[in-house]
Amino acid sequence: MDRTRPVLVTGGNGYVASWLVKYLLEDGIDVHATVRDPSNKEKVGHLEAMARESKGALTLFAADLLDSTAFDAPMRGCELVFHTASPFQVTGVRDPERELVRPALEGTQNVLAAVDRTESVKRVVLTSSVVAIYGDAADMADAKIDAFTEDHWNTTSSVSHQPYNYSKLRAEQRAWEINEKQTRWQLQTINPGFVLGPSLTQSSVSTSLATMKQFGDGTLKMGAPELYFGVVDVRDVAIAHIKAGFGPNTSGRHIVNSETLSMLDIGKALRAVFGSRFPFPRRTLPKVVLWLAGPLEGLPRKFVARNVGYPLAFDNGYAKKDLDMDFRPARETVVEHFRQMLDAGVIRAR
Ligand code: NAP
């Protein structure tokens, strides 16, 4: 990879991508970042500020995922494309096909069509997810396995059940199909677990930030569902993208994940550091309560049935080896994330 060439980051203002752009700029790499509205200072001000303090130059381009030609101009001259843009919302979605599946799938098609038209591109790193690997936590028991690996694919999500997971599955599958039709550019995917850790942007609507906020705003004061997450630090996710992008011999899918934590584990880790000034969850809510009340709180019964109380585990061995990296302990990540939210005024003590 020629480090004097610009690299493209789609959705450059997102929670995950902001760290990626920061590390690239600090490394002296010129970054072309697409955002929906480059004139919106709330969304891009932090990127412009980091560019002023870095060796690399930042150029912002306007691009919507549903625009079939918007990615040609920002991609011009790039050898490396990081495609991170995709909606990450799991609650409050009214029309999952329109709000999640179309932008994820058509966006990936549009970006990769531009890659096919841009002779300079040698490699694409797609931000996929572990939810392209599994759909519900119960899938692990059903498959009689101890942990998910890069060999597994989500076979249980649909537009009507776990639509965000379905959007990531469809987008990644389509990316591999398009990649297989040619030989000029290589595809690699980063499949992160639940990404947490300090945010460089206050304007992201990522579920990561909304979930961490719930630990401090009283949403979980009566207790937390027995849900398990593979947790990974946002800074490690950014580093994994860079290693996949520039590594001479890296390839394939990568489960980028530190360790599994339950919601109660996260509450305990936060209470140990921040004490009882915050309404961190102290107990697990009975599954039957969630079954009855879940739909009113945006938790469909099928989601409760197939996720609450089921353990979850991911094998990160391939990513550690192929990307030559290790992952920060997940409890440190959640503590640093909560501290950053306090410093930014997102959360206030009682
Ligand atoms: P985020 O902050 O909401 O970032 C999403 C990005 O996608 C934003 O830049 C957003 O732009 C852009 N986007 C959404 N819809 C778009 C559209 N129609 N046209 C153009 N851009 C659009 O969320 P994130 O957590 O950083 O997620 C980034 C990527 O990581 C996604 O692909 C997500 O699926 C993946 N991922 C996230 C996690 C996690 O736990 N956070 C885990 C695994 C994978 P606007 O700012 O204009 O909305």
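Residues numbered from 1 in each chain as written. Predicted model: local features only at pLDDT ≥ 70, side-chain atom pairs only at ≥ 80, totals over all residues. Heavy atoms only, no water.

As annotated in an unreviewed UniProt entry, the chain carries the name NAD-dependent epimerase/dehydratase family protein and is attributed to Salinisphaera aquimarina.

### Quick word on the overall build of the chain
Per the secondary structure count, the chain includes 13 helices and 10 strands. By the compact-globule yardstick of 20 Å for 350 residues, the chain fits well, its C-alpha radius of gyration being 20 Å. Across its three principal axes, the chain shows a C-alpha extent of roughly 55 × 45 × 40 Å. When each of the 350 residues of the chain is scored for burial, the buried share is 57%. Total accessible area on the chain is roughly 15100 Å²; 50% of this is exposed by carbon and sulfur atoms. Side-chain charges in the chain split into 42 positive and 41 negative, and the spacing between the mean points of these groups amounts to 5 Å. (Helix = DSSP H or I, 4+ residues; strand = E, 2+ residues; numbered from the N terminus. Rg over C-alpha atoms; globule rule 2.2 N^0.38 Å. Buried < 20%, exposed > 50% of the residue type's maximum accessible area, 1.4 Å probe, protein only. Areas by Shrake-Rupley, 256 points an atom, 1.4 Å probe, with all protein chains shown as cover. Lys, Arg positive; Asp, Glu negative; His and termini not counted. Charge placed at Lys NZ, Arg CZ, Asp CG, Glu CD.)

### A few points about unusual backbone geometry
The phi dihedral of Gln162 is positive, around 55 degrees, even though this residue is not glycine. With respect to the helices, strands and loops of the structure, Gln162 is situated in the loop between helix H5 (138-142) and helix H6 (163-180). Assessed through its relative accessible area of 16%, Gln162 is described here as buried.

### Overview of empty space enclosed by the protein
Scanning all chains against the criterion turns up one cavity of 30 Å³ or more. In terms of lining, the largest cavity is formed by His83, Ala85, Ser86, Ala104, Thr108, Leu126, Thr127, Lys168 and Ala171. Listing elements by their share of the lining of the largest cavity, those giving two or more residues are helix H4 (96-117), strand E5 (123-127) and H6. (1 Å grid on protein atoms, 1.4 Å probe; cavity = no way out; pocket = protein on both sides within 12 Å on 5 of 7 lines; lining within 4 Å. Points joined across faces, edges and corners; volume = space filled by probe spheres on them.)

### Digging into the side chain of Thr10
Following the sequence through the fold, Thr10 ends up in strand E1 (residues 7-10). There is a polar contact of 3.1 Å between the side chain of Thr10 and the backbone nitrogen of Ala85. (Polar contact = N/O pair within 3.5 Å; in protein donor to acceptor, adjacent residues only side chain to side chain.)

### Focus: a nonpolar patch on the surface
A cluster of nonpolar side chains, contributed by Val288, Val289, Trp291 and Leu292, occupies part of the molecular surface with about 380 Å² of accessible area. Within the secondary structure layout, Leu292 lies in helix H10 (residues 287-293). Judged by relative accessible area, Leu292 falls into the exposed class, the value being 55%. (Patch = residues over 30% accessible without salt bridge, like charges linked within 9 Å, V, L, I, M, F, W, Y side chains within 5 Å. Salt bridge = Lys/Arg side-chain N within 4 Å of Asp/Glu carboxyl O.)

### Examining the sheet that holds strand E7 (residues 194-196)
A sheet is described by the order of its strands in space; here three strands give the open sequence E7-E8-E10, paired in mixed fashion. Edge positions in the sheet fall to E7 and strand E10 (259-262), since each of these pairs with one other strand and no more. Neighbour to neighbour, the strand axes of the sheet diverge by 50 degrees on average, direction disregarded. In terms of strand pairing, E7 meets strand E8 (residues 228-233) through three bridges, oriented parallel. The residue of E8 that forms the bridge with Phe194 is Val231. The strands that helix H8 (residues 234-246) touches are E7 and E8; relative to E8, the one it contacts most, it runs at about 65 degrees. (Pairing = 2+ DSSP bridges. Axes fitted to C-alpha atoms, helices over the stretch in contact; angles between N-to-C directions. Contact = heavy atoms within 4.5 Å.)

### Concerning the sheet that holds strand E6 (residues 186-192)
Taken in spatial order, the seven strands make up an open sheet running E3-E2-E1-E4-E5-E6-E9, and their pairing is parallel. Two strands close off the open sheet at either side, each with one partner strand: strand E3 (58-62) and strand E9 (252-256). For this sheet, the mean angle separating the axes of adjacent strands, direction not counted, is 20 degrees. As defined by bridge partners, E1 adjoins strand E2 (residues 31-35) across four bridges and the pair is classed as parallel. Opposite Val9, over in E2, you have Ala33 as the bridge partner. Contacting E5, E6 and E9, H6 runs over the sheet at an angle of about 165 degrees to E6.

### Brief notes about the pattern of salt bridges
With the rule as written, the count across this model stands at 20 salt bridges. In this structure, Arg184 and Glu119 form a salt bridge, with 3.8 Å as the shortest nitrogen-oxygen distance. Of this pair, Arg184 sits in the loop between H6 and E6 while Glu119 sits in the loop between H4 and E5, and the two are 65 residues apart along the sequence. The class for Arg184 is partly exposed, based on a relative accessible area of 28%. A relative accessible area of 62% means that Glu119 is categorised as exposed. Here Arg235 makes a salt bridge to Glu336, at a shortest N to O gap of 2.8 Å. Placement of Arg235 in helix H8 and of Glu336 in helix H13 (residues 330-343) is noted, with a sequence separation of 101 residues between them.

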